[in-house]
Amino acid sequence: MAYALHFPRTLDEAFRLLDPEGTEGALPLAGGTDLLPAVEAGRWHPSALVSLSRLPLGTFERTEHEILIGGTLPLRRLEREPDIVRLLPGLVEAIREVGSVPLRHRATLGGNVVRASPASDLLPPLLALEASLDLRSRDGTRRVALGDFLRGSWETTLRPGELVERIRIPVPRPSSYRWQRVRPANDISQVGVACALASSDGRSPWRIAAGGVEPHPQRLPGAEAALSHEDPTPGEIEEAVHRAVEGSRLKDDRRAGEEYRRHLLGVLLRRSITSTVSRARTMGGRGT
Amino acid sequence: MRGDLPLTLRVNGSEQTLPAVPADTKLLDLLRWRLGLKGTKEGCRTGGCGACTVLVNGESVLSCLTLAREMEGQEVTTVEGLSGTAEAEAVQRAFVEAGAVQCGYCTPGFVMALVSLRRERRDGPPDLPTLASELGGNLCRCTGYYSIVRALAGLLAAPIPPELPKSTFSVDPGRSP
């Protein structure tokens, strides 16, 4: 299990340490709440961990149309940030369900996205909120939509030597996250459904994503298309549920069986739509 | 940077320099086995039980999921370090009076998590449902949680003066479990 541990103080130093041709098997370490137990259990064998804790990646910024969350900002900071609470209610609902308060004092949004656990409770809302990532390397910064970043279970298109500089989320977004678990606290959801309302520009304004589906959290385009406007009729909601359930392959694992998950997907989608509609009434405009 | 480097940090108010701390040493093991602070307990070692909760710069952190070397220059507080503060003694008193301590294994973790929650709010302590929910990461296998919730309710009913000097209350070490 022996690995080296580095604390770079500049991004250039970090890129050098993470360079695939320099340090073989070096991994970036953010909060470590997921990576460290995986290393201790022998599922990963890094030759070095490069701690991001001394780097200027814990930034927070709000512009007129976006919230920009630094890759290493702890989740607990985010759930207590008034702009996020006000403008991205669905994201806050999901963050508050991750692990426990002491875990969230260290766990980061960047780390959660890069680990890309298929059971992540943060990926469904980030997908529905159309988050994108600024990925920084020694060659500069490239921007990738989260949907293109996720490639599979625990798999992303992150290149060796790249770091999540920030996560960009358009605001405001009436949104909600609904989930079901065996145990409410400190557990992982069997199914989680996130809805968000974007500006419509002729298409459906609905952005819907679910976790508990194969192979990893996904947008549900069929369900989105069934909802043509911000205040759908009960019939339209049932059509969205029908398309979501028909169009998804549900997971079947130790957390829940496929049939139960299918049931949950419908129940949670109805609840998330309803909650988002009522938030849209109180939040007003969508932005861009 | 490979190899065991010295580590300097503050623990319970005093600066400590430890020679040769391996890269993979967890804060939990540093506290228990290098510094002899056995009040911090090892439970699941995977972030699922809260028994190892300590404060880092005043915020609750799971010491089993934290590398010791990340603590360079940081301030770590364990349950031993709370001794003598008005806040900690009020928390201890509430736990004892409500019968929230049975085997005691989970208690330091609960106390540290609770102290962190009380400190982070500048607009007064959180309400009971919030406290109970935000302590959801701490497991107790004895009390069924009812007594712990009662202790929380007791604490909220009796606000702690910020400047109270050291109180006369203490748990007799001879009687502790």
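Residues numbered from 1 in each chain as written. Chains lettered and ligands numbered in written order. Predicted model: local features only at pLDDT ≥ 70, side-chain atom pairs only at ≥ 80, totals over all residues.

**Section: the overall build of chain A**
When helices and strands are counted, chain A shows twelve helices and 14 strands. Against the globule reference of 19 Å for 288 residues, chain A gives a C-alpha radius of gyration of 19 Å, in line with a compact fold. Principal-axis analysis of the C-alpha atoms places the extent of chain A at approximately 60 × 45 × 30 Å. By the burial criterion, 50% of the 288 residues in chain A qualify as buried. Look at the contacts in chain A between residues 6 or more apart in sequence, and 64% of them connect residues 24 or more apart. (Helix = DSSP H or I, 4+ residues; strand = E, 2+ residues; numbered from the N terminus. Rg over C-alpha atoms; globule rule 2.2 N^0.38 Å. Buried ≥ 20, exposed ≤ 12 C-beta atoms within 10 Å, placed from the backbone. Contact = placed C-beta atoms within 7 Å.)

**Topic: the pairing of strand E12 (residues 191-197) of chain A**
All names here are of chain A. When you tally the buried positions in E12, you get seven out of seven residues, the bulk of the element. On E12, burial covers both faces: Val191, Val193, Cys195 and Leu197 on one face and Gly192, Ala194 and Ala196 on the other are all buried. Both strand E11 (residues 175-180) and E12 contribute to a ladder of six bridges, which runs antiparallel. In the sheet register, arginine 178 faces E12, and the bridge partner there is valine 193. Two elements, E12 and strand E13 (residues 206-211), share six bridges in a ladder whose sense is antiparallel. Looking at the pairing, glycine 192 lines up with glycine 211 of E13. (Pairing = 2+ DSSP bridges.)

**Here's the deal with the interface of chain B and chain A**
Facing 23 residues of chain B, the contacting portion of chain A comprises 22 residues. Secondary-structure elements contributing two or more residues to the side of chain B that touches chain A are strand E4 (59-62) and helix H3 (107-120) of chain B. The dominant element in the side of chain B that touches chain A, judged by the number of residues it contributes, is E4 of chain B, at four residues. Residues of the side of chain B that touches chain A, tallied by class, amount to eight nonpolar, nine polar and six charged. (Nonpolar A, V, L, I, M, F, W, Y, C, P; charged D, E, K, R; others polar.)

**A closer look at the nonpolar core**
Judged by nonpolar contacts, the single largest core of 126 residues is most densely connected at Leu88 and Leu265 of chain A. If you tally residues by element for this core, the top one is H3 of chain B, at seven residues. Discounting chain neighbours no more than four positions away, the residues touching leucine 88 of chain A are Ile67, Leu129, Ile169, Val171, Arg173 and Ser175 of chain A. (Core = buried A, V, L, I, M, F, W, Y, C linked by C-beta atoms within 7 Å.)

**Thoughts on the domain arrangement of chain A**
It is common to give the size of an interface as the accessible area that goes away when the parts come together. Residues and elements named next belong to chain A. Split by domain assignment, chain A resolves into domain 1 (4-51), domain 2 (60-170) and domain 3 (175-283). On a C-alpha basis, the centres of domain 2 and domain 3 stand 20 Å from each other. Opposite the 25 residues of domain 2 that make contact, domain 3 presents 24 residues. Of all the secondary-structure elements, those providing two or more residues to the side of domain 2 that touches domain 3 are helix H5 (89-95), helix H8 (123-128) and strand E8 (150-152). Counted by class, the side of domain 2 that touches domain 3 contains 14 nonpolar, seven polar and four charged residues. (Domains from an automatic or database assignment.)

**A word on the sheet that holds strand E2 (residues 26-29) of chain A**
Residues and elements named next belong to chain A. Strand order in the open sheet formed by three strands is E1-E3-E2, and the pairing between neighbours is parallel. Only two strands of the sheet have a single partner each, and these edge strands are strand E1 (4-6) and E2. The mean angle between the axes of side-by-side strands here comes to 25 degrees, regardless of whether they run parallel or antiparallel. Relative to strand E3 (residues 48-51), E2 runs parallel, the two being bridged by four bridges. Paired with alanine 26 across the strands is alanine 48, a residue of E3. Relative to E3, helix H1 (residues 11-18) is tilted by about 165 degrees, and along the sheet it contacts E1, E2 and E3. (Axes fitted to C-alpha atoms, helices over the stretch in contact; angles between N-to-C directions.)

**Some remarks on the packing of helix H2 (residues 86-97) of chain B against H3 of chain B**
Residues and elements named next belong to chain B. Following both chains from N to C, one finds H2 and H3 inclined at 130 degrees, their axes separated by 11 Å at the closest point. The orientation of H2 with respect to H3, classified from their angle, is oblique. Like other packed secondary-structure pairs, H2 and H3 cross with a definite hand, here right-handed. Where H2 approaches H3, its residues Glu87, Ala88, Val91, Gln92 and Phe95 are matched on the opposing element by Thr107, Val111, Leu114, Val115 and Arg118. Of the residues assigned to the contact of H2 with H3, the class counts are six nonpolar, two polar and two charged. (Parallel < 35°, antiparallel > 145°, perpendicular 65-115°, else oblique. Left-handed = near helix turned anticlockwise from the far one by under 90°.)

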